[in-house]
Number of protein chains: 2
Amino acid sequence: MKWDELEDEPCSMARTIGVIGDRWTLLILRECFLRTRRFEGFQSALGITRHLLAERLKKLVRQGVLRRIPYQEAPKRHEYILTQKGLDLYPIMMAIVHWGDVHMVDTRGRPLLHEHRSCGKMFDPVMVCSECGEPLSAKDVHVHPGPGARPSAEKGSLEKKPKVRKRAA
Amino acid sequence: MKWDELEDEPCSMARTIGVIGDRWTLLILRECFLRTRRFEGFQSALGITRHLLAERLKKLVRQGVLRRIPYQEAPKRHEYILTQKGLDLYPIMMAIVHWGDVHMVDTRGRPLLHEHRSCGKMFDPVMVCSECGEPLSAKDVHVHPGPGARPSAEKGSLEKKPKVRKRAA
DNA sequence: TTCCTATAGTTCTAAAATTGAACTGTCAAT
DNA sequence: ATTGACAGTTCAATTTTAGAACTATAGGAA
């Protein structure tokens, strides 16, 4: 598996990481969700080098996550806004923020609180099953190969049962 | 903002990215959730260089996402298993996989299907509000500074209202 | 007019991260 | 005595990223 060919892997996680897995990309997208739209805005908010910022924006546009839209002629200027594909990254963002809220806060508490406009309350995001609505946990989920699975037999980690030697204390 | 000091930022997303944002780390964690536990298992599943794999595993252990547990004496061998902190990354994983399932599939369809053992059905993960249970979307959420917010006034992207010039066509 | 500023990049060199390949060491099995 | 499995480590070559300077257009100020 090569980093530059992640998008060709038969794995939705690898493919997604091919899009958002580069250094700084998720932080750029955070800014997008906080309504930053312009080059200088991203640059000053993140302190990323201009070179890399230009690269990343170009890639995100190519991948259909952002759209580059002119907001001014003479001199020509553009701003970057999330497409629907980009907006759909929201659950990923929220999941990341929530994990940080739970596991990475210092004594002062959370940097940001989230208010759900529909119900007016401060909330946490919860991931649930689309079918029964119950919260998901790793051990309640079983994976099956889907139609787009890698065709042949796997040397995959699931089947491997390494032989045991002397047991540890 | 420096990549090596992300964990000190007053931002839960930045802090989390400091933990899982390195190249290959999320793919290593994918393997963990698929029950890979050993060095060779990760290496052969991912094709990552042994050098980097060793680095990443060390960092994840340091950060409390994995625990390194001996499973054999003579020669001493260890395996890497998810801590609770690591298991709590599950919603992030699922959100990433789901986005790929929606936006990155080829004509053949999804590589993997997920079955919810509790209800027996194939499902998609849905992110909902902990307070009202409704699905979340970016525009229904408003952010407020929390107790751990950066103390002073922000040069943040939210307040900046750049002056407009000649409008684009 | 000339200078300064704002915006959105591009270009260049140095530093850091990643890759690829080979090498180390322990023990079991042949 | 040799081979294979496992879990790394080491080192040179390549890629990425960081840091700083530079380009270009245009508005407004002096």
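### Thoughts on the nonpolar core
The tendency in soluble globular proteins is for nonpolar side chains to be buried as a group.
Part 1 of the argument: Membership of the largest hydrophobic core comes to 82 residues, with the highest contact counts inside it found for Leu29(A) and Leu29(B).
Part 2 of the argument: In terms of domain composition, this core takes at least three residues from each of domain 1 (1-83) and domain 2 (89-104 + 116-138) of chain A.

### Details of the interface of chain A and chain B
Part 1 of the argument: Of the residues lining the interface, 106 residues belong to chain A; the matching set on chain B comes to 105 residues.
Part 2 of the argument: Summed over both partners, the interface of chain A with chain B buries about 9,800 Å², with 63% contributed by carbon and sulfur atoms.
Part 3 of the argument: Put simply, chain A and chain B have two salt bridges between them.
Part 4 of the argument: The partner of Arg15(B) in a salt bridge is Asp106(A), and the shortest N-O contact between them spans 3.4 Å.
Part 5 of the argument: Connecting chain A to chain B are 34 residue pairs in polar contact (both at pLDDT 80 or more).
Part 6 of the argument: Broken down by element, the side of chain A that touches chain B gets its largest block of residues, 12 residues, from helix H6 (residues 90-103) of chain A.

### Some words on the protein's contact with DNA strand D
Part 1 of the argument: Taken together, 25 residues sit near DNA strand D, with Leu52(A), Arg50(B), Tyr71(B), Arg77(B) and Tyr80(B) positioned nearest.
Part 2 of the argument: Each atom of DNA strand D within 4 Å of the protein was classed as base or backbone; sugar and phosphate made up 66%.
Part 3 of the argument: Contacts to DNA strand D include Arg56(A), whose side-chain N or O atom sits 3.0 Å from a phosphate oxygen.
Part 4 of the argument: The side chain of Arg50(B) places a nitrogen or oxygen atom 2.8 Å from a base nitrogen of DNA strand D.
Part 5 of the argument: Listed by contribution, the elements that provide at least two residues to the surface near DNA strand D are helix H4 (50-62) of chain A together with helix H3 (39-46), helix H4 (50-62), strand E1 (66-72) and strand E2 (77-82) of chain B.
Part 6 of the argument: Residues belonging to the surface near DNA strand D are distributed by class as follows: eight nonpolar, three polar and 14 charged.

### What to know about the protein's contact with DNA strand C
Part 1 of the argument: Around DNA strand C, a shell composed of 25 residues is seen, among which Tyr71(A), Arg77(A), Tyr80(A), Leu52(B) and Arg56(B) lie nearest.
Part 2 of the argument: Here a phosphate oxygen of DNA strand C sits 3.1 Å away from a polar atom, N or O, in the side chain of Trp24(B).
Part 3 of the argument: Grouping the amino acids of the surface near DNA strand C by side-chain chemistry returns eight nonpolar, four polar and 13 charged.

### Side note on the relation of the copies chain A and chain B
Part 1 of the argument: Rotating chain A by 180 degrees and moving it 0.0 Å along the rotation axis overlays it on chain B with an RMSD of 0.0 Å. The two molecules are tied by a two-fold rotation axis, judged by turn and shift. Nearest to the rotation axis, the C-alpha of Met127(A) is located 2.2 Å from it, this being the minimum over chain A.

### Observations concerning the packing of aromatic side chains
Part 1 of the argument: A complete count under the given rule lists four aromatic pairs over all chains for this structure.
Part 2 of the argument: Between Trp24(A) and Trp3(B), the aromatic rings sit 5.6 Å apart at their centres with planes inclined by 65 degrees, giving edge-to-face as the arrangement. On the criterion of chain membership, the pair formed by Trp24(A) in the loop between helix H1 (12-20) and helix H2 (25-33) and Trp3(B) in the segment before helix H1 (12-20) is interchain, its members lying in two chains. Here Trp24(A) matches Trp3(B) in class, with each residue buried.

### Notes on helix H3 (residues 39-46) of chain A
At 3.6 residues per turn, the α-helix brings residues three or four places apart onto the same side.
Residue and element names in this part refer to chain A.
Part 1 of the argument: Of the positions making up H3, those classed as buried are Gly41, Phe42, Gln43 and Leu46.
Part 2 of the argument: Where H3 is buried, its residues contact H2, H4 and strand E2 (77-82).
Part 3 of the argument: In the segment just after H3, Gly47 is the residue with positive phi, at about 70 degrees.

### Considerations on the pairing of strand E4 (residues 125-129) of chain A
Part 1 of the argument: Taken across its five residues, E4(A) has four buried, putting it largely inside the fold.
Part 2 of the argument: Pairing analysis gives five bridges linking E4(A) to strand E4 (residues 125-129) of chain B, with the strands arranged antiparallel. Bridging across to E4(B), Cys129(A) finds its partner in Pro125(B).

### Thoughts on the pairing of E1(B)
Residues and elements named next belong to chain B.
Part 1 of the argument: Pairing between E1 and E2: six bridges, direction antiparallel. Residue pairing across strands places Arg68 opposite Tyr80, the latter belonging to E2.
Part 2 of the argument: Between E1 and E2, which pair antiparallel one after the other, the connecting turn spans four residues, and Ala74 there sits at a positive phi close to 50 degrees.

How each quantity is defined
Residues numbered from 1 in each chain as written. Chains lettered and ligands numbered in written order. Predicted model: local features only at pLDDT ≥ 70, side-chain atom pairs only at ≥ 80, totals over all residues. Heavy atoms only, no water. Core = buried A, V, L, I, M, F, W, Y, C linked by side-chain atoms within 4.5 Å. Buried < 20%, exposed > 50% of the residue type's maximum accessible area, 1.4 Å probe, protein only. Domains from an automatic or database assignment. Contact = heavy atoms within 4.5 Å. Buried area = accessible area lost by both parts, 1.4 Å probe. Salt bridge = Lys/Arg side-chain N within 4 Å of Asp/Glu carboxyl O. Polar contact = N/O pair within 3.5 Å; in protein donor to acceptor, adjacent residues only side chain to side chain. Helix = DSSP H or I, 4+ residues; strand = E, 2+ residues; numbered from the N terminus. Near = heavy atom within 4 Å. Nonpolar A, V, L, I, M, F, W, Y, C, P; charged D, E, K, R; others polar. Least-squares fit on C-alpha atoms with pLDDT ≥ 70 in both. Phe/Tyr/Trp six-rings, centres within 6.5 Å; stacked < 30°, edge-to-face > 60°. Pairing = 2+ DSSP bridges.

Scope: geometric values only; no functional claims are made or implied.
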